[in-house]
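Residue strings, one per chain:
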Amino acid sequence: MSTVSTTRAPARVERTTDPRPRRSKRRQVRERQWPAYVFLSPWMIGAVVLTLVPMAVSLYLSFTDYNLFDPPHWVGLRNYQEMLFEDPRYWRSVGTTLLYVVVAVPLKLGLALGVAMLLKNLGRGRGFYRSAFYAPSLLGASMSIALVWKALFNDGGTVPDVLDAVGIHTGGWVGNPDLAVYGVVLLTVWQFGAPMVIFLAGLQQISPDLYEAAALDGAGRWRQFVSITVPMLSPVVFFNLVLEVINSFQVFTPAFAISGGDGGPADSTMFYTLYLYERGFTASHMGYAAAMAWLLLIAIGVITLILFRTSRSWVFYADEEGR
Amino acid sequence: MNIATKRWLPHTVAAVCLLVLLYPLAWLLATSLKPADEVVTSLDLLPSHLEWSNYTTALDGVSGVTVSRLLGNTLLIAGGAVLGNVLSCSLAAYAFARLRFRMSKVMFAFMVATLMLPHHVVLIPQYIIFNRLGLVDSFWPLILPKFLATEAFFVFLIVQFMRGLPRELEESARIDGCGPFRAYWSITLPLARPALITTAIFTFIWTWNDFFTQMIYLFAPEKFTITLALRSFVDQSSTSAYGPMFAMSVISVLPIVLFFLVFQRYLVQGMATSGLKG
């Protein structure tokens, strides 16, 4: 009896609703879609007009000679060839930028992690310090602070004077081709507050039970750091690392301010983006600058990819274990 | 180590770190008040007497454009950017977080990918577009892109926040006949206020600090922002103009400092959550 009623009931439902609901369901889907596109329209216009089309155009321009006034003149791979094989200043800018990324990013992240661990155990006053350490991250990007930096590291500035007093004679950093880039490095490291705040939030999510259990098992502070803090924090380390590397490749304002805009002395602060600006907007080689931008995009893409690949071996996601 | 040192050591280390860290800011403030002859010769941080004339000189501005005009220009650009970003990024974020549409996954992936896109790749064609439109040397190239949700970071931040909000309110509103625009405006937006405030504050500070874009698009001194004026101040200055230059520097970072003091809780939390939820 029950089988009869259950087979009959759906059949009746199907018959009464079959032909029309399909159509109205499709219409429903269509009706539900258009508001989404209205919401998205500013973003879609921006994505097409200000991102996708410009990307295609800049790729095209990178194969041309273009000075913004005359029509672009197709030169094939000439720009890339010149950049890679005939332009020592290009390689100088690559070297300076790589040196900067390799020195500044680990220093900044190390300091950020160290201070975050210090603040985590601070108890009272933690909120105050957290905010105070964060302040340079906001101010440091400004032209004002870049100018302060220039004065502090210049001949007769505070930093060479203090170093003199402890017996290290460096002279002014700003005019010294061997040291100028480290002034920019230190300005970046000074802004460690942003990754520090992210580290601190990550540290606070690690369950205290883990540390208690480890302490009961006789694990010392170092052991706890290596076996609990590092693996639990590795996703945050990875996030900060990717973010800082991508940003560092594009550093501009401090290099511009410290060198007075020309990447000096002796091109020692001619960072990649500063050279790109000089080629495109000062020397009017827009095609060359576009080619530089594309190689920057490729370099950032490759390095990000490598970071993601290697992350599989050292980034630990707690929720993966449970699955 | 006894318990007293154990408790005081981290505090001492943190305080010493803070002193070193804030020294450049103290130096900026002190130098802006130093008489010209003390800027280079004296090693003391504090000036022998306060030289307020540095500030009156700075207020006169650069090449005949007063500081109030420069600040007005900067405020207009930053204000337009804030309005544009909050509006356009929250609209796009609502669609990504709450609405269903074809290609949503592809579009979302594209949006996230643009987070990593260096600005320089689109810079020159964008410049050509604004040049063709006759908008170079106006504020439009600095404001208009913000109304088109070009800063994926904020779209992403708001999406992450909206996904964390309970759906129940919206669903019951829909049952009561509330359309998606009403739901966005009256239910989701008010709930997403922390994310919107974070977006507004960061947009304001980043636009205020921006130098590259402003330098490329603005030429006429009367359209200069305070940052650009500061730069032209540098070009023409000798050490005798140090005091006024740093007085102007103080004026230019003052809004950021005020923003920071008022909103530091939102800023720090916004930074922390945007980092973690990714």
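As the structure is a prediction and not an experimental result, all values here were calculated from the model.

**Regarding the overall build of chain A**
Here is step 1 of the chain: The secondary structure content of chain A amounts to 15 helices and two strands.
Here is step 2 of the chain: The buried share among the 323 residues of chain A stands at 47%.
Here is step 3 of the chain: Contacts in chain A between residues at least 24 apart in sequence constitute 67% of all its contacts with a sequence separation of at least 6.
Here is step 4 of the chain: For chain A, the computed accessible surface area is about 16200 Å², with 62% contributed by carbon and sulfur atoms.

**Side note on the overall build of chain B**
Here is step 1 of the chain: Regarding its fold elements, chain B presents 14 helices and zero strands.
Here is step 2 of the chain: A principal-axis box enclosing the C-alpha atoms of chain B has dimensions of 75 × 70 × 35 Å.
Here is step 3 of the chain: Taking all 278 residues of chain B together, the buried fraction comes to 54%.
Here is step 4 of the chain: Restricting to contacts in chain B with at least 6 residues of sequence separation, those with at least 24 account for 71%.
Here is step 5 of the chain: When the accessible area of chain B is evaluated, it comes to approximately 13200 Å², of which 66% is carbon and sulfur surface.

**Let's talk about the confidence of the model for chain B**
Here is step 1 of the chain: Averaged over all residues, the pLDDT of chain B equals 88, while 92% of them reach at least 70.
Here is step 2 of the chain: Prediction confidence for the complex, expressed as pTM and ipTM, is 0.88 and 0.89 respectively.

**Thoughts on unusual backbone geometry**
For residues besides glycine, phi is generally negative; the peptide bonds are generally trans as well.
Here is step 1 of the chain: Even without being glycine, A:Leu68 reaches a positive phi, approximately 85 degrees.
Here is step 2 of the chain: Within the secondary structure, A:Leu68 sits in the loop between strand 1 (64-65) and strand 2 (73-74).
Here is step 3 of the chain: Notably, B:Met103 is not glycine yet its phi reads approximately 65 degrees, a positive angle.

**Here's the deal with helix 11 (residues 221-248) of chain A**
Here is step 1 of the chain: The terminal C-alpha atoms of helix 11 of chain A, which comprises 28 residues, lie only 33 Å apart, well short of the 40 Å expected from a rise of 1.5 Å per residue.
Here is step 2 of the chain: Considering bend angle alone, the principal kink of helix 11 of chain A is centred on A:Ser234 and spans about 55 degrees; proline A:Pro235 follows within four residues of it.

**Some details on the pattern of salt bridges**
All names here are of chain A.
Here is step 1 of the chain: For the coordinates displayed, the defined rule picks out eight salt bridges over all chains.
Here is step 2 of the chain: As a salt-bridge pair, Glu-86 and Arg-78 come within 3.1 Å of each other at their nearest N and O atoms.
Here is step 3 of the chain: For Glu-86, a relative accessible area of 42% corresponds to the partly exposed category.
Here is step 4 of the chain: The exposure class assigned to Arg-78 is partly exposed, which follows from its relative accessible area of 34%.

**With respect to the side chain of A:Ser62**
Here is step 1 of the chain: With respect to the helices, strands and loops of the structure, A:Ser62 is situated in the loop between helix 2 (19-61) and strand 1.
Here is step 2 of the chain: In this structure, A:Ser62 is in contact with A:Gly76, A:Asn79, A:Tyr80, A:Gly287, A:Ala290 and A:Ala291, ignoring residues within four places of it in sequence.

**Some remarks on the interface of chain A and chain B**
Here is step 1 of the chain: Taken together, the contact between chain A and chain B spans 81 residues of the former and 81 residues of the latter.
Here is step 2 of the chain: Contact between chain A and chain B buries roughly 7300 Å² in total, counting both sides, with carbon and sulfur atoms accounting for 81%.
Here is step 3 of the chain: Among the residues of chain A in contact with chain B, A:Phe39, A:Trp43 and A:Leu50 are the three that bury the most area, contributing 12% of the side total.
Here is step 4 of the chain: Inspection of the region where chain A meets chain B yields zero salt bridges.
Here is step 5 of the chain: Inspection of the chain A/chain B interface yields ten residue pairs in polar contact (both at pLDDT 80 or more).

**Quick notes on the UniProt feature "transmembrane region" (unreviewed entry) in chain A**
Here is step 1 of the chain: Here, UniProt's "transmembrane region" (unreviewed entry) annotation points to residues 34-61, 98-119, 131-152, 179-203, 224-243 and 286-308 of chain A.
Here is step 2 of the chain: Segment residues 131-152 of chain A splits into 86% helix and 0% strand. End C-alpha atoms: 24 Å apart.

**Some words on the packing of aromatic side chains**
Here is step 1 of the chain: By the definition in use, this model includes 47 aromatic pairs over all chains.
Here is step 2 of the chain: Considering the side-chain rings of B:Phe96 and B:Phe101, the 6.1 Å spacing of their centres and the 50 degrees angle between planes classify their relative orientation as tilted. Here B:Phe96 and B:Phe101 have matching classes, each one buried.
Here is step 3 of the chain: A connected cluster of aromatic rings, assembled from ring pairs, spans A:Phe252, A:Phe256, A:Tyr277, A:Phe281, B:Tyr127, B:Phe130, B:Phe211, B:Phe212 and B:Tyr217.
Here is step 4 of the chain: Seen from the ring of B:Phe108, B:Arg163 lies directly overhead, with NZ or CZ sitting 4.9 Å from the centre.

**Considerations on a positive patch on the surface**
Here is step 1 of the chain: Together, A:Arg32, B:Arg100, B:Arg167 and B:Arg174 give the surface a local cluster of positive charge.
Here is step 2 of the chain: By the secondary structure assignment, B:Arg100 is in the loop between helix 4 (67-98) and helix 5 (104-113).

**A few points about the UniProt feature "transmembrane region" (unreviewed entry) in chain B**
All names here are of chain B.
Here is step 1 of the chain: This chain's UniProt record puts "transmembrane region" (unreviewed entry) on residues 12-30, 75-96, 108-130, 142-162, 183-208 and 241-263.
Here is step 2 of the chain: Secondary structure over residues 142-162 splits into 62% helix and 0% strand, and the C-alpha atoms at its two ends are 28 Å apart.
Here is step 3 of the chain: Between the first and last C-alpha atoms of residues 183-208 the distance is 33 Å; the span itself is 96% helix and 0% strand.

**Let's talk about the packing of helix 13 (residues 272-282) of chain A against helix 14 (residues 286-314) of chain A**
Residue and element names in this part refer to chain A.
Here is step 1 of the chain: Two elements in contact, helix 13 and helix 14, have axes separated by 7 Å at closest approach and are oriented at 155 degrees. Classified by the interaxial angle, the pair formed by helix 13 and helix 14 is roughly antiparallel. Regarding helix 13 and helix 14, the two cross each other, and that crossing is left-handed. Contacts from Tyr-272, Tyr-275, Leu-276, Arg-279, Gly-280 and Phe-281 in helix 13 reach Met-286, Tyr-288, Ala-289, Met-292, Ala-293, Leu-295 and Leu-296 in helix 14.
Here is step 2 of the chain: A breakdown of the residues in the contact of helix 13 with helix 14 according to their chemical character gives eleven nonpolar, one polar and one charged.

**A closer look at the nonpolar core**
Within soluble globular proteins, side chains that are nonpolar generally end up buried alongside one another.
Here is step 1 of the chain: Ranked by size, the top nonpolar core spans 190 residues in total, and within it A:Tyr134 and B:Phe96 carry the most contacts.
Here is step 2 of the chain: With 14 residues, helix 14 (residues 242-277) of chain B is the largest single contributor of residues to this core.
Here is step 3 of the chain: Look past the residues within four positions of A:Tyr134 in its chain and what remains in contact with it is A:Gly193, A:Ala194, A:Val197, B:Phe202, B:Phe260, B:Leu267, B:Val268 and B:Met271.

**Focus: the confidence of the model for chain A**
Here is step 1 of the chain: Per-residue confidence for chain A gives a mean pLDDT of 87, with 89% of residues at or over 70.
Here is step 2 of the chain: Across residues 1-21 of chain A, where pLDDT falls below 50, the model places zero contacts with residues more than four positions away in sequence or in other chains.

**Examining a nonpolar patch on the surface**
Residue and element names in this part refer to chain A.
Here is step 1 of the chain: Taken together, the side chains of Ile-45, Val-48, Val-49, Leu-52, Val-53 and Val-57 present a nonpolar region at the surface, about 440 Å² in accessible area.
Here is step 2 of the chain: Relative to the helices and strands, Val-49 is located in helix 2.
Here is step 3 of the chain: Val-49 gets classed as partly exposed once you look at its relative accessible area, which sits at 39%.

About the thresholds
Note that residues are indexed from 1 along each chain, following the sequence as it is written. The lettering of chains begins at A and the numbering of ligands begins at 1, in the order of writing. The model is predicted, so local features are restricted to residues of pLDDT at least 70 and side-chain atom pairs to those at 80 or more, both for listing and for counting; the totals for chains, interfaces and linings are taken over all residues. Hydrogens and waters are ignored; side-chain quantities use all the structure's heavy atoms. Under the scheme used here, helices are H or I runs from DSSP no shorter than 4 residues and strands are E runs no shorter than 2 residues, and both carry numbers assigned from the N terminus. Three labels apply to residues, based on accessible area from a 1.4 Å probe with only protein chains included: buried if under 20% of the type maximum, exposed if over 50%, partly exposed otherwise in between. Two residues qualify as a contact provided that any one of their heavy atoms is within 4.5 Å of a heavy atom in the partner residue. Using the Shrake-Rupley algorithm and a 1.4 Å probe, accessible areas are obtained, with residue cover drawn only from the displayed protein chains. A score from 0 to 100, pLDDT tells how confident the predictor is in each residue. A helix is expected to reach a length of 1.5 Å times the quantity of its residues less one. Throughout, the bend at a residue refers to the angle made by two axes, fitted to the seven residues ending there and to the seven starting there. Salt-bridge detection follows one rule: a side-chain nitrogen of Lys or Arg within 4 Å of a carboxyl oxygen of Asp or Glu. Using a 1.4 Å probe, buried area is obtained as the accessible area two parts lose upon being combined, added over both of them. Any pair of N or O atoms that falls within 3.5 Å is considered a polar contact. Within protein, one atom must be able to donate a hydrogen and the other to accept it, and sequence-neighbouring residues count only if both atoms are side-chain atoms. UniProt positions are given in the numbering used here, feature names are shortened, and annotations may be inferred rather than shown by experiment. Aromatic contacts are taken between Phe, Tyr and Trp rings whose centres are within 6.5 Å, Trp giving its six-membered ring; a plane angle under 30 degrees counts as stacked, one over 60 as edge-to-face, and the others as tilted. By definition here, charges over rings are those cases where NZ of Lys or CZ of Arg is within 6 Å of the ring centre and within 35 degrees of the ring normal. Patch definition: residues with relative accessible area over 30% and no salt bridge; like charges joined within 9 Å; nonpolar side chains (Val, Leu, Ile, Met, Phe, Trp, Tyr) joined within 5 Å. In this charge count, Lys and Arg are treated as positive and Asp and Glu as negative; neither His nor the chain ends contribute. Lys charges are placed at NZ, Arg charges at CZ, Asp charges at CG and Glu charges at CD. The convention used is that axes are lines fitted to C-alpha atoms, helices contributing only their stretch in contact, and that angles between N-to-C directions extend from 0 to 180 degrees. What sets the label is the angle itself: under 35 degrees gives roughly parallel, over 145 gives roughly antiparallel, 65 to 115 gives roughly perpendicular, and the rest give oblique. Crossing chirality is assigned from the near helix's rotation relative to the far helix, an anticlockwise turn below a right angle marking it left-handed and a clockwise turn marking it right-handed. Note on residue categories: nonpolar means Ala, Val, Leu, Ile, Met, Phe, Trp, Tyr, Cys or Pro, charged means Asp, Glu, Lys or Arg, and polar means any other residue, Gly included. What is meant by a nonpolar core is a set of buried Ala, Val, Leu, Ile, Met, Phe, Trp, Tyr and Cys residues, joined one to another through side-chain atoms within 4.5 Å.

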